[in-house]
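Notes for the structure review
Spelled out from the first residue to the last, the chains are:
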Amino acid sequence: MIIKGIYVDEKGRKKKGRISFDKKGIITKVDSKKGRADIAFSDDCLIFPGFVDMHVHSREDRTKEWNYKEDFKTAGEAAVNGGITAFMEMPNTPEPVLKAAQVNSRQLLAKKSKVPVVIACGINNDSRPVKGVSNYKAYLTKSVGDLYFESTKDFENQIELYKDLQIHVHCEDHKIIEWDPLSRPASAEIKAVREIVRMAKKHKVKLHICHVSTSSAAKMIVSSRKYGLTSEVTPHHLYFTANDKKKDPLLKMNPPLRPKKDRDALLKLFKSGKIDALATDHAPHTLEEKESANPSGVPELDTYGPFVAWLIKDKKVSLKRIVDACAKKPSQMLKLNQGIIKKDYAASFTVLNFGKPITITKEMLRTKCGWSPFEDIIFPGRVEATIVKGKVYRNKS
């Protein structure tokens, strides 16, 4: 198959040309010729290397206890709808992912997804690395069951076992959260990140900070990148503030929304390339749950592409920054053969149309939970198509 239009290369440059790929979904040629194409995208569109989300909770495990919130089929549909061509699944479900049998069962369930799914394995006091798994998740405060550490010392005792592996860390200090579980103060994240920085220096392990939410923690990470630390930020922490949570109680997540000064500092660091990736922390709950007990988490797979359009158009984030944070870096960390539009890489692309603004509505969503924190917000572009290893999904909205 051949597609043509304006694509964005590894350096963030716009180039007009054709991209050819074979039946196995591998790019065979990228050229600037004007010849025929099976699909031609208009000049309002930009073809990006396929976006990859490193932080997703699809909720499904063998117990099926949480399947009413989401499952791999609906998460895959929401991912395609949002321009995401692969994602990593978190291990904190009723049956956590800690052992090889649990990894295998989760991989079988994930085959229902329209996009490739990388399964992250959990770490706790008794866990050991699982053969063939290169990405792990650690929680420094209570998550589901016993998949967490009550102290950073306990976590530090485990990390030597995972020396050459990638560990993704939820950074909130357990003692502070236990003392103040409702507000989950910034000090919880700052203290936990300070400990992670110390461990990175001492143990030389690959540590990745999930959903950084405070400027103080983010600046600590930036100053310690030479020790191999990486980080991600979510769309909600780049868009909303604590004031928005006062108006809309559904905007409850862990870590929580912060004051405007934090939001603005995170956006500045993201624009400058000092935060490595944009990840959703897609955490669906039904609207009925959110309007009653209001568990923490919001769904964001469907809105990833429109949000990226907002970053580009309204916040003047460079195309290179988008390629790096949404495609190249996540692909490298998850060991995926994609993230660059180049021969021999996977033919996975996200096509954004900047000629068609979109208003987020319930009707456009594919997530099973059926709502979005971005409802009624107008973004300056939409997903025109998502191409996953050569399979084309056109957006008909």
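Provided above is the structure to which this section pertains.
What comes next is a walk through the structure. The shown structure was predicted, so the numbers you read here are calculated from the model rather than taken from an experiment.

Spatially, the three strands line up as an open sheet ordered S6-S7-S8, and their pairing is parallel. Looking at the sheet topology across the chains shown, the edges are occupied by strand S6 (51-56) and strand S8 (117-119). Taking each pair of neighbouring strands and ignoring which way they run, the sheet shows an average axis angle of 20°. Across three bridges, strand S7 (residues 84-89) lies against S8 in parallel orientation. Looking at S8, one finds that Glu 89 is bridged to Ile 119.

What follows concerns helix H3 (residues 152-159). In an α-helix there are 3.6 residues to a turn, and that puts residues three or four apart on one side. Among the residues of H3, Thr 152, Phe 155, Glu 156, Gln 158 and Ile 159 are the ones counted as buried. Each buried residue of H3 sits inside an arc of 160° when the element is viewed along its axis, so together they form one side. Of the exposed residues in H3, the ones pointing more than 90 degrees away from its buried face are Lys 153 and Asn 157. Check the buried side of H3 and you find it contacts strand S10 (135-139), strand S11 (166-170), helix H5 (186-203) and strand S12 (206-209).

Formed by 93 residues in total, the largest nonpolar core has its most connected members in Phe 48, Phe 155, Ile 196, Leu 207, Leu 278 and Leu 311. Setting aside anything within four residues of it in sequence, one finds Phe 48 in contact with Val 8, Ile 312, Leu 319, Ile 322, Val 323, Ile 341, Ser 348, Phe 349, Thr 350 and Leu 352. One finds Ile 3, Ile 39, Phe 41 and Ala 385 within the second-largest nonpolar core, a separate group that totals 15 residues.

Moving on, we come to the pairing of strand S13 (residues 230-233). Of the two faces of S13, both are covered, the one formed by Thr 230 and Glu 232 as well as the one formed by Ser 231 and Val 233. One ladder, built from two bridges, connects S12 with S13; its direction is parallel. In the strand pairing of S13, Ile 209 is matched with Ser 231. Handedness of the β-α-β unit built from S12, helix H6 (residues 215-223) and S13 comes out right-handed. Note that S13 and strand S14 (residues 277-278) share two bridges and pair parallel. Its bridge partner being in S14, Val 233 is matched across the sheet by Leu 278.

Let's shift gears to the environment of Gly 17. Within the secondary structure, Gly 17 sits in strand S2 (residues 14-21). Exposure remark for Gly 17: the relative accessible area of 6% places this residue in the buried category. Not counting chain neighbours up to four residues away, the residues in contact with Gly 17 comprise Ile 3, Lys 4, Gly 5, Tyr 7, Asp 31 and Ser 32.

Let's shift gears to the packing of aromatic side chains. Per the counting criterion, the structure on display carries 15 aromatic pairs. Here Tyr 136 and Tyr 162 contribute two aromatic rings whose centre-to-centre distance is 5.0 Å and whose plane-to-plane angle is 70°, an arrangement assigned as edge-to-face. Placement of the pair is Tyr 136 in strand S10 and Tyr 162 in the loop between H3 and S11, with a sequence separation of 26 residues. A relative accessible area of 0% means that Tyr 136 is categorised as buried. Put simply, the rings of Tyr 239, Phe 240, Phe 307, Trp 310, Phe 374 and Phe 379 pair up and form one aromatic cluster.

Time to look at helix H2 (residues 100-110). Taken as a whole, H2 has its buried residues at Gln 102, Val 103, Ser 105, Arg 106, Leu 109 and Ala 110. All buried residues of H2 fall inside an arc of 165° around its axis, so they share one side. Against the buried residues of H2 lie helix H1 (72-81), S8 and strand S9 (121-122).

Glancing now at a positive patch on the surface. Taken together, the side chains of Lys 14, Lys 271, Lys 313 and Lys 316 make up a positively charged region of the molecular surface. On the secondary structure map, Lys 313 appears in helix H11 (residues 304-313).

Let's shift gears to the packing of H6 against helix H9 (residues 260-271). It is at 9 Å that the axes of H6 and H9 come closest, and there the two elements cross at 25°. It follows from the interaxial angle that H6 and H9 lie roughly parallel. Where H6 abuts H9, its residues Ser 215, Ala 218, Lys 219 and Val 222 lie against Asp 262, Ala 265, Leu 266 and Leu 269. Tallied by class, the residues present in the contact of H6 with H9 amount to five nonpolar, one polar and two charged.

With that settled, the discussion passes to the pairing of strand S5 (residues 45-49). Of all five residues in S5, five are buried, a share of seventy percent or more. By the bridge criterion, five bridges tie S5 to strand S15 (residues 349-353) in an arrangement that is antiparallel. Bridged to Pro 49 within S15 is Phe 349.

Applying the stated criterion to the full structure yields 25 salt bridges. We note a salt bridge from Lys 368 to Asp 71, for which the minimum N-O separation is 2.7 Å. With Lys 368 in the loop between strand S16 (358-359) and strand S17 (378-379) and Asp 71 in the loop between S6 and H1, the pair connects residues that are 297 residues apart, well separated along the chain. Asp 71 gets classed as buried once you look at its relative accessible area, which sits at 11%. For Asp 276, the salt bridge is made with Arg 225, and the minimal N-O distance between the two is 2.9 Å. Pair noted here: Asp 276 is in the loop between H9 and S14 and Arg 225 is in the loop between H6 and S13, with a separation of 51 residues, a long-range link. Note on Arg 225: relative accessible area 30%, which makes it partly exposed. Through salt bridges that share partners, Glu 156, Glu 195, Arg 198 and Lys 202 make up one connected network.

What counts and how
Residues numbered from 1 in each chain as written. Predicted model: local features only at pLDDT ≥ 70, side-chain atom pairs only at ≥ 80, totals over all residues. Heavy atoms only, no water. Pairing = 2+ DSSP bridges. Helix = DSSP H or I, 4+ residues; strand = E, 2+ residues; numbered from the N terminus. Axes fitted to C-alpha atoms, helices over the stretch in contact; angles between N-to-C directions. Buried < 20%, exposed > 50% of the residue type's maximum accessible area, 1.4 Å probe, protein only. Arc of directions from axis to C-beta. Contact = heavy atoms within 4.5 Å. Core = buried A, V, L, I, M, F, W, Y, C linked by side-chain atoms within 4.5 Å. Right-handed = clockwise from strand over helix to strand, strands pointing away. Phe/Tyr/Trp six-rings, centres within 6.5 Å; stacked < 30°, edge-to-face > 60°. Patch = residues over 30% accessible without salt bridge, like charges linked within 9 Å, V, L, I, M, F, W, Y side chains within 5 Å. Areas by Shrake-Rupley, 256 points an atom, 1.4 Å probe, with all protein chains shown as cover. Salt bridge = Lys/Arg side-chain N within 4 Å of Asp/Glu carboxyl O. Lys, Arg positive; Asp, Glu negative; His and termini not counted. Charge placed at Lys NZ, Arg CZ, Asp CG, Glu CD. Parallel < 35°, antiparallel > 145°, perpendicular 65-115°, else oblique. Nonpolar A, V, L, I, M, F, W, Y, C, P; charged D, E, K, R; others polar.

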